[in-house]
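Here is how the chains run, residue by residue.
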Amino acid sequence: KNLPYLLRSLAEAGDAWTLTIVGDGEDGPLRELIEELHLSERIHFLGWQEHPFEQLKGAGALVLPSHHEGFSLTMLEALASGMMVLSTPVGGAREIIEEGENGYLFGGDTGRTLNEILEKLDNGQLKPAGPERCRESVKPYLEREAIADFIKKTESTIQDFYGEYKEQHGSK
């Protein structure tokens, strides 16, 4: 997930930002980097959470610094919960993120672009995306997903019914 990139950007962005890391995984090397960057007071590990966004109410942004990512359901969940997203332009981020409306995209492997976004959000040069706009931005996609899921379930139900009918009445 490229957390070292995120940590370096956070260190460059000054003291205004903190980071909460949700999820399991090997955090030994991360903790060493956190110490090296003098970020211990600004980083919090929550571990795995069944409902992570309940724990993150009031967070300023979800940051997805991945090099490679499939379509991120986490991004959709964050937006649906009213949280803006800062992401590399991977997976569905290009499709979902509307610059300045529900988040910002950053790129490269130096951390400078993310650092610039964090600094500009902090000093008011960029406006944070509002919670209502974030929720609204994801509605069309969630509706499409709901429709696609409904169609898939309907097809499955019809196939199951047809299979049971064939077993009971023989194939004709």
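A brief report on the enclosed structure follows. Each residue is numbered by its place in its chain's sequence as written, counting from 1. Owing to the predicted nature of the model, reporting of local features is limited to residues with pLDDT of at least 70; listing and counting of side-chain atom pairs is limited to 80 or more, with chain, interface and lining totals taken over all residues. Only hydrogens and water are set aside; all other atoms, that is, all heavy atoms of the structure, feed into the side-chain values.

With that settled, the discussion passes to the sheet that holds strand S3 (residues 61–64). What holds strands together in a sheet is hydrogen bonding between their backbones, with the strands either parallel or antiparallel. Whether two strands pair comes down to DSSP finding at least two bridges between them. The secondary structure listing takes helices from DSSP runs of H or I that are at least 4 residues long and strands from runs of E that are at least 2 residues long, numbered from the N terminus. Taken in spatial order, the three strands of this open sheet run S3-S4-S5, and their pairing is parallel. In this open sheet, the two strands that pair with only one neighbour each are S3 and strand S5 (103–105). Along the sheet, successive strands turn relative to each other by an average axial angle of 15°, direction set aside. Across four bridges, S3 lies against strand S4 (residues 84–87) in parallel orientation. The residue of S4 that forms the bridge with Ala61 is Met84. In this analysis an axis means a line fitted to C-alpha atoms, helices contributing only their contacting stretch, and an angle means the value between N-to-C directions, from 0 to 180 degrees.

Moving on, we come to the layout of surface pockets. Taken as a whole, the largest pocket spans an internal volume of roughly 1,100 Å³. Around the largest pocket, the lining comprises 42 residues; the ones closest to its centre are Thr20, Ile21, Val22, Leu62 and Val63. Within the residue set of the lining of the largest pocket, elements represented by two or more residues are helix H1 (3–12), strand S1 (19–22), strand S2 (43–47), helix H3 (52–55), S3 and helix H4 (73–80). As for the second largest pocket, its lining consists of 13 residues, of which Gly58, Ala59, Ser81, Gly82 and Met83 are closest to the centre. Site definitions follow a grid-based scheme: protein atoms alone, a 1 Å grid, a 1.4 Å probe that fits but cannot get out for cavities, and for pockets an open set with protein on both sides within 12 Å along at least five of seven lines, plus lining residues having an atom within 4 Å of a point. Grid points are joined across faces, edges and corners, and a volume is the space filled by probe spheres set on the points.

Taken as a whole, this structure holds one cavity of 30 Å³ or more when the rule is applied. The calculated volume of the largest cavity comes to roughly 40 Å³. Around the largest cavity, the lining residues are Leu64, Glu69, Gly70, Ser72, Met75, Ser87, Val90, Gly91, Gly92 and Ala93. Three classes are used, and their members are as follows: Ala, Val, Leu, Ile, Met, Phe, Trp, Tyr, Cys and Pro are nonpolar, Asp, Glu, Lys and Arg are charged, and the others, Gly among them, are polar. Taken together, the residues of the lining of the largest cavity break down into four nonpolar, five polar and one charged.

Right, let's talk about H1 for a bit. A 1.4 Å probe rolled over the protein chains alone gives each residue an accessible area, and that area as a share of the maximum for its type sets the label: buried under 20%, exposed over 50%, partly exposed in between. Buried residues of H1: Tyr5, Leu6, Leu7, Ser9 and Leu10, and no others. Among the residues trailing H1, Gly14 stands out with phi positive, at a value near 95°.

For the rest of this paragraph, the subject is the pattern of salt bridges. By convention in these notes, a salt bridge is any Lys or Arg side-chain nitrogen within 4 Å of a carboxyl oxygen on Asp or Glu. Inspection of every chain in the model, using the stated rule, returns five salt bridges. Across the pair Glu98 and Arg133 runs a salt bridge whose closest N-O atoms are separated by 2.6 Å. Separated by 35 residues along the polypeptide, Glu98 in the loop between helix H5 (93–96) and S5 and Arg133 in helix H7 (residues 131–169) bring together distant segments of the chain. Notably, a salt bridge pairs Arg133 with Glu101, separated by 3.2 Å at the nearest N-O pair. Taken as a pair, Arg133 in helix H7 and Glu101 in the loop between H5 and S5 lie far apart in primary sequence, 32 residues in all. Through salt bridges with shared partners, one network takes in Glu98, Glu101 and Arg133.

Look at H1 against helix H2 (residues 28–36): their axes get within 10 Å of each other, and the N-to-C directions meet at 15°. Considered as vectors, H1 and H2 are oriented roughly parallel to each other. Two packed elements cross with a definite hand, and for H1 against H2 that hand is right-handed. Contacts between H1 and H2 involve Leu3, Pro4, Leu7 and Arg8 from the first element and Leu30, Leu33 and Ile34 from the second. Tallied by class, residues from the contact of H1 with H2 come to six nonpolar, no polar and one charged. Roughly parallel refers to an angle under 35 degrees, roughly antiparallel to one over 145, roughly perpendicular to one between 65 and 115, and oblique to any angle outside these ranges. The crossing is said to be left-handed when, going from far helix to near helix, the turn is anticlockwise and less than a right angle, and right-handed when the turn is clockwise. A contact between two residues is defined here by any heavy atoms of the two lying within 4.5 Å.

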